[in-house]
Amino acid sequence: MVKIIAVLGGKGGCGKSTCSIGLSLALAEQKQRVLLIDLDEGMRCLDMLLGVSEKLLFDVSDAINGRDLASCILQVPGGEGLSLLAAPGEKGLIDAKLLAGFLENIPNSMFDTVVLDLRAGSDLQLYRALPPYTEFLCICNPNAVSVRDAANIGTLLNKANRKGKIILNRYQRYFIKNPVFSTLDDIIDESGLMLLGIVPESERLSLAFLEGNYKIKGKAKKAFKRIALRLCGRNIPLPKLKKI
Ligand SMILES: Nc1ncnc2c1ncn2[C@@H]1O[C@H](COP(=O)(O)OP(=O)(O)OP(=O)(O)O)[C@@H](O)[C@H]1O
Ligand SMILES: [Mg+2]
């Protein structure tokens, strides 16, 4: 069975695509064969961010409708072990049930892990349709609006009988030390979701987005590595907050 990780988040721009790429590359570095799937239909971006848009012929809607998977995937240059299935250029082409059936049938001779980059907002129907063993990772920024979104998503995941964890993205110490959230625990309690990891605010990640080059170094890379190792079942403690 191929492991499925769904990256989601309430508000647009919280870093779903950034974290999907960062995590996929980190998993690939752990020798996982990773298929990253862009599910932001109509607003696809991963093909561009990973520098393969000119090679794009078929997308995930073709694959779920029966086209040979090997002909739809794009190899990510410089990301050994990482393949991409791009999103369709228009909305309404991804049927949730067909997608779920497709995911369940991805052969583990081809991939170990599938990372789904979901579009902004919540989608109870999709959460219910995805295979029950899907791991949902909610991307949350350290501000009250984003934390409330994460709590809403947590409620919907419960309704769908699915479990989720949060990744706190764009972490900066001064965001935590404010009157709304004075500690990290406040954010975790308010969101109602377990914390999987913290990704710092990183100029390198902003630049990667602009330049389409995610070969980053430094704290953000280390943060994605820690999260990837936890997803692989390793017990990696959270470092001291000032080191994140
Ligand atoms: N940890 C970070 N440090 C610095 N910039 C970040 C970080 N995470 C995301 N960003 C920036 O935030 C912007 C939005 O990121 P991204 O596209 O990943 O969000 P998204 O949630 O996928 O958005 P959408 O809802 O439009 O799909 C980008 O410019 C990206 O570089
Ligand atoms: Mg996105």
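About the cut-offs
Residues numbered from 1 in each chain as written. Chains lettered and ligands numbered in written order. Predicted model: local features only at pLDDT ≥ 70, side-chain atom pairs only at ≥ 80, totals over all residues. Heavy atoms only, no water. Patch = residues over 30% accessible without salt bridge, like charges linked within 9 Å, V, L, I, M, F, W, Y side chains within 5 Å. Areas by Shrake-Rupley, 256 points an atom, 1.4 Å probe, with all protein chains shown as cover. Salt bridge = Lys/Arg side-chain N within 4 Å of Asp/Glu carboxyl O. Helix = DSSP H or I, 4+ residues; strand = E, 2+ residues; numbered from the N terminus. Buried < 20%, exposed > 50% of the residue type's maximum accessible area, 1.4 Å probe, protein only. Core = buried A, V, L, I, M, F, W, Y, C linked by side-chain atoms within 4.5 Å. Contact = heavy atoms within 4.5 Å. Polar contact = N/O pair within 3.5 Å; in protein donor to acceptor, adjacent residues only side chain to side chain. Pairing = 2+ DSSP bridges. Axes fitted to C-alpha atoms, helices over the stretch in contact; angles between N-to-C directions.

Novice: Got a sec to walk through a nonpolar patch on the surface? Specific residues and values, please.
Specialist: Among the surface-exposed residues, Leu207, Phe209 and Leu210 lie close enough to one another that they form a single nonpolar patch of about 320 Å² accessible area. Mapping Leu207 onto the fold places it in helix H10 (residues 203–211). What makes Leu207 partly exposed here is its relative accessible area of 36%.

Novice: Explain the nonpolar core residue by residue, including any values.
Specialist: Ile37, Leu85, Leu99, Phe102, Leu103 and Leu116 are the most contacted members of the largest nonpolar core, which totals 45 residues. Looking at which element gives the most residues to this core, the answer is helix H7 (residues 144–159), with five residues. With sequence-adjacent residues up to four places away left out, Phe102 is seen in contact with Ile37, Ala63, Ile64, Leu69 and Leu85. Within the second largest apolar cluster, 39 residues are counted, among which are Leu27, Leu50, Val76 and Ile167.

Novice: Before we move on, can you summarise H10 with the specific residues and values?
Specialist: Its side-chain oxygen placed 3.2 Å from the backbone nitrogen of Arg204, Ser202 serves as the N-cap of H10. Looking one or two residues beyond H10, the residue adopting positive phi is Gly212, at roughly 65°.

Novice: Residues and numbers for the sheet that holds strand S3 (residues 74–75), please.
Specialist: Read across the sheet, eight strands follow the order S3-S4-S2-S5-S1-S6-S7-S8 without closing on themselves; strand pairing throughout is mixed. Taken across any chain shown, the strands that pair with only one partner, and hence form the sheet edges, are S3 and strand S8 (194–200). Relative to strand S7 (residues 164–171), strand S6 (residues 135–140) runs parallel, the two sharing five bridges. What sits directly across from Cys138, in S7, is Ile166. Running over the sheet, H7 touches strand S1 (3–8), S6 and S7 and is turned about 160° from S6. Sitting on the sheet, helix H11 (residues 219–231) is in contact with S1, S6, S7 and S8, with an inclination near 160° to S8.

Novice: Which residues make up the pattern of salt bridges, and what values go with them?
Specialist: Counted under the stated rule, the structure contains six salt bridges. Glu135 is the partner of Lys3 in a salt bridge, and the nearest nitrogen-oxygen pair spans 3.2 Å. With Lys3 in strand S1 and Glu135 in strand S6, this residue pair connects regions lying 132 residues apart in the sequence. Relative accessible area serves as the criterion here: at 27%, Lys3 is assigned to the partly exposed category. Glu201 is the salt-bridge partner of Arg170, the closest N and O atoms lying 2.8 Å from each other. In this pair, Arg170 is assigned in strand S7 and Glu201 in the loop between S8 and H10, connecting sequence segments 31 residues apart. Residue class for Arg170 comes out partly exposed when judged on its relative accessible area of 34%. Of the residues examined, Glu201 reaches a relative accessible area of 31% and is grouped as partly exposed.

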